[in-house]
Amino acid sequence: MKLKSTRDGYGEALLRLGRENPRVVVLTADLGESTRSHWFKKEFPERFFQMGVAEADMVGTAAGLALSGKIPFMGSFGVFVTGRVWDQLRVSVAYNNANVKIGSTHCGITVGEDGATHQAIEDIALMRVLPGFTVIVPADNIQAIKATIAAAKIYGPVYLRLGRASLPVVTKENAEFNIGKAEILKEGKDLTIIACGVMVCQSSEAASILEKEGISVRLINLHTIKPIDEEAIIKAAKETGAILTAEEHQVMGGMGSAVAEVVMENCPVPMKRIGILDRFGQSGKPEELMREYGLTAENIVKEAKNLLKRKTI
Amino acid sequence: MKIKELQRICLEVRRDIIRMLGEAGSGHPGGSLSAAELVVALYFSVMKHRAKEPDWEDRDRFILSKGHCCPLLYAVLARCGYFPVEKLLTLRKLGSPLQGHPHNLEVPGIEASTGSLGQGLSIANGIALAGRLNKKNYRVYCLLGDGETDEGQVWEAVMTSNHYHLDNLCAIVDRNRLQIDGKTADIMQLEPYPEKWRAFGWYVIEIDGNNLAEVLGAYLQAEKIKGKPTVIIARTIKGKGISFMENEVEWHGQAPKKEEVEKALKELGERI
């Protein structure tokens, strides 16, 4: 299986965008290589802005560029380009409805050895409460390319949640990508697993295991957290009667919470959210951390079976 | 425009500010009044702009980083013809485009929403960089409060303007020496202030910011400085023009009551 990271997808898409749209500019705060923005710099040096280790200023500068008709993509680690600059994103970007795109790399615990300070596991929660923001979590490298390109084509602020680790490719090259439209990877009737980011791969594995045991699983890749695909979620709730969510993020306020909000208001069914449970991350190898925090196919299988016992319809 | 005419407009704008704040019952008179000459000179003499075409792409841009002083900017925009002067009295009222802090999606002529201090100069840098990329000759002006420069982001932006040699950018600091909790010198020492800006690579012009001749001269001089950004450190009087507000810290963020409005307007030459 091909292994590539979503940050690579971001960098590759920036190059393509740079070639087709002169309005695209790229900023980074001393993390050009880590965010794969340096590929763009090499080809378009005059449209690349190095901002130094100064994320707050980078956000404002990006807003100013956007207010002048540019389409700025600013890249940094998830922790530095969300919580650290949340007020700048709120006022300079969101309140201005500035057309700024955020390439937020090194999200989740799969950052690995750098540990808690560098593992963004609250960013979905922080970003989805900002009015006007679109929040996208690509599942793999191919989808990251598509999402980055799609982000440039809509007006308004977009948050792209990307990862550092090289991961298996789970989506198809020719699959359509539409912002706000969930990707149904597999139909099923006993329960629905809704996943995003690296957890799509784990969930796909879990679905295969469950199928072998005679449980029919619908698998949804919810790559857009906001605007959320209410239709797909309500349909899944009605047709399968149980929903399990899986994300590499705090369960509080994250993708699972966003799904629960839709389910609760429209078609309440038993739910289970898998994610990080009010803890910080820590140093370790990505796969060790995934096990430590229960972000594995095995845990999804276990929790899916527990969830099925609570099913009422 | 002659200085006499600009002085007349400053007086008019100060009256607008008092009337607006009196009507709103809240807001920030001190810093709105101190910066009147700085902003009036820009809009009525220095900047290229078109009130009837706020998005004209060659316009000079003005960013009010100290967003709480928007009564001043609203009054100036209205007097320029961006929107009817009568609208001014809707300041801070439900449904009014004239929000307590400026919102660019609501008011023609507002370049950027501001109000959370420290963010305007970064936005101004972005606009200046875009101007250079687009080979436009427009200039970017950014007004900051002196207290506002306590914010770390300001100094990040100050470094950026220098790093990118943004000579199409001019920052103005309203150095009225007061901020909400007291004297700037007591709250957070800014001095040696001009030296700080110089050390960060800026060309510094120091003036009496309530003297229109000096203000106009500074803007003219700033345009001629090439290869680096310019900051005008404008010594001003907070609450300028109203005897009981001048240099009084409590007028940072409280509106005048009815009798205070009348007294202030009388001082500003209005017959009541």
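Just so it is clear, the model here is predicted, and its values are computed rather than measured. (Residues numbered from 1 in each chain as written. Chains lettered and ligands numbered in written order. Predicted model: local features only at pLDDT ≥ 70, side-chain atom pairs only at ≥ 80, totals over all residues. Heavy atoms only, no water.)

S.K.: Please give an account of the sheet that holds strand E2 (residues 140-145) of chain B that cites residues and values.
M.R.: Backbone-to-backbone hydrogen bonds join strands into a sheet, with any given pair of strands oriented parallel or antiparallel. Residues and elements named next belong to chain B. If you trace the 5 strands from one edge of the open sheet to the other, you get E1-E2-E3-E7-E6, paired in parallel fashion. With one partner strand each, in any of the chains shown, strand E1 (61-64) and strand E6 (203-208) form the two edges of the open sheet. With direction set aside, neighbouring strand axes in the sheet form an average angle of 20°. As judged from the 6 bridges shared by E2 and strand E3 (residues 169-175), these two strands associate in the parallel manner. Note that in E3 the partner of Cys 142 across the bridge is Ala 171. (Pairing = 2+ DSSP bridges. Helix = DSSP H or I, 4+ residues; strand = E, 2+ residues; numbered from the N terminus. Axes fitted to C-alpha atoms, helices over the stretch in contact; angles between N-to-C directions.)

S.K.: Describe the interface of chain B and chain A, with residues and values.
M.R.: Contact with chain B, which involves 26 residues of that partner, is made by 25 residues of chain A. Summing the contributions of chain B and of chain A, the shared interface buries around 2,000 Å²; its carbon and sulfur component is 55%. Here chain B and chain A share 0 salt bridges between them. Here chain B is connected to chain A by 14 residue pairs in polar contact (both at pLDDT 80 or more). Where the side of chain B that touches chain A is concerned, the elements lending two or more residues are helix H5 (120-133) and helix H6 (152-163) of chain B. When residues in the side of chain B that touches chain A are grouped by element, the largest group, 8 residues, is from H5(B). Per-class residue counts for the side of chain B that touches chain A are 11 nonpolar, 13 polar and 2 charged. (Contact = heavy atoms within 4.5 Å. Buried area = accessible area lost by both parts, 1.4 Å probe. Salt bridge = Lys/Arg side-chain N within 4 Å of Asp/Glu carboxyl O. Polar contact = N/O pair within 3.5 Å; in protein donor to acceptor, adjacent residues only side chain to side chain. Nonpolar A, V, L, I, M, F, W, Y, C, P; charged D, E, K, R; others polar.)

S.K.: For empty space enclosed by the protein, give the residues involved together with the corresponding values.
M.R.: Over the atoms a probe the size of a water molecule is rolled, and this reveals where empty space is left. Under the defined criterion, the tally for this structure stands at 3 cavities of 30 Å³ or more. In this model, the largest cavity occupies a volume close to 130 Å³. What lines the largest cavity is a set of 17 residues, and nearest its centre among them are A:Val137, A:Gly163, A:Gly197, A:Val198 and A:Glu248. Sort the elements by how many residues they give to the lining of the largest cavity and strand E13 (residues 243-250) of chain A lands first, with 3 residues. In terms of residue class, the lining of the largest cavity is built from 9 nonpolar, 5 polar and 3 charged. Residue contributions to the lining of the largest cavity reach at least three from each of two domains, namely domain 1 (3-168) and domain 2 (183-309) of chain A. By volume, the second largest cavity amounts to about 60 Å³. In terms of lining residues, the second largest cavity is bounded by B:Tyr43, B:Met47, B:His49, B:Pro54, B:Arg59, B:Asp60, B:Arg61, B:Phe62, B:Tyr82, B:Gly109 and B:Glu111. Split into classes, the residues belonging to the lining of the second largest cavity amount to 5 nonpolar, 2 polar and 4 charged. (1 Å grid on protein atoms, 1.4 Å probe; cavity = no way out; pocket = protein on both sides within 12 Å on 5 of 7 lines; lining within 4 Å. Points joined across faces, edges and corners; volume = space filled by probe spheres on them. Domains from an automatic or database assignment.)

S.K.: An account of the packing of helix H7 (residues 199-212) of chain A against helix H11 (residues 297-309) of chain A is requested, with residue identities and associated values reported.
M.R.: Residue and element names in this part refer to chain A. Put simply, H7 and H11 touch, their axes get as near as 8 Å, and they point 55° apart. In terms of axis orientation, H7 runs oblique to H11. For the crossing formed where H7 meets H11, the hand is right-handed. Where H7 abuts H11, its residues Met 199, Gln 202, Ser 203, Glu 205, Ala 206, Ile 209 and Leu 210 lie against Ala 297, Glu 298, Ile 300, Val 301, Ala 304 and Lys 305. (Parallel < 35°, antiparallel > 145°, perpendicular 65-115°, else oblique. Left-handed = near helix turned anticlockwise from the far one by under 90°.)

S.K.: Which residues make up the pattern of salt bridges, and what are the values?
M.R.: Close approach of charged atoms allows side chains of opposite charge to pair. All names here are of chain B. Applying the stated criterion to the full structure yields 33 salt bridges over all chains. The salt bridge involving Lys 93 is made with Glu 23; its shortest N-O contact spans 3.3 Å. Placement of Lys 93 in the loop between helix H4 (70-80) and H5 and of Glu 23 in helix H1 (residues 3-24) is noted, with a sequence separation of 70 residues between them. Overall, Lys 93 belongs to the partly exposed group, its relative accessible area being 33%. For Glu 23, a relative accessible area of 43% corresponds to the partly exposed category. (Buried < 20%, exposed > 50% of the residue type's maximum accessible area, 1.4 Å probe, protein only.)

S.K.: Give me the domain arrangement of chain A: which residues, what numbers.
M.R.: Residues and elements named next belong to chain A. Examined at the domain level, chain A breaks down into domain 1 (3-168) and domain 2 (183-309). Here domain 1 and domain 2 have C-alpha centroids that lie 25 Å from each other. Between domain 1 and domain 2, the residue contacts involve 31 residues of the former and 36 residues of the latter. A combined buried area of about 2,400 Å² lies between domain 1 and domain 2, and 59% of that area is made up of carbon and sulfur atoms. Considering only the side of domain 1, the residues that lose the most area to domain 2 are Ile 109, Ile 121 and Arg 128, jointly responsible for 30% of the buried surface there. Taken together, the links from domain 1 to domain 2 amount to 1 salt bridge. For Glu 261, the salt bridge goes to Arg 128, with nearest N and O atoms at 2.8 Å. In this structure, the connection of domain 1 to domain 2 is made through 21 residue pairs in polar contact (both at pLDDT 80 or more).

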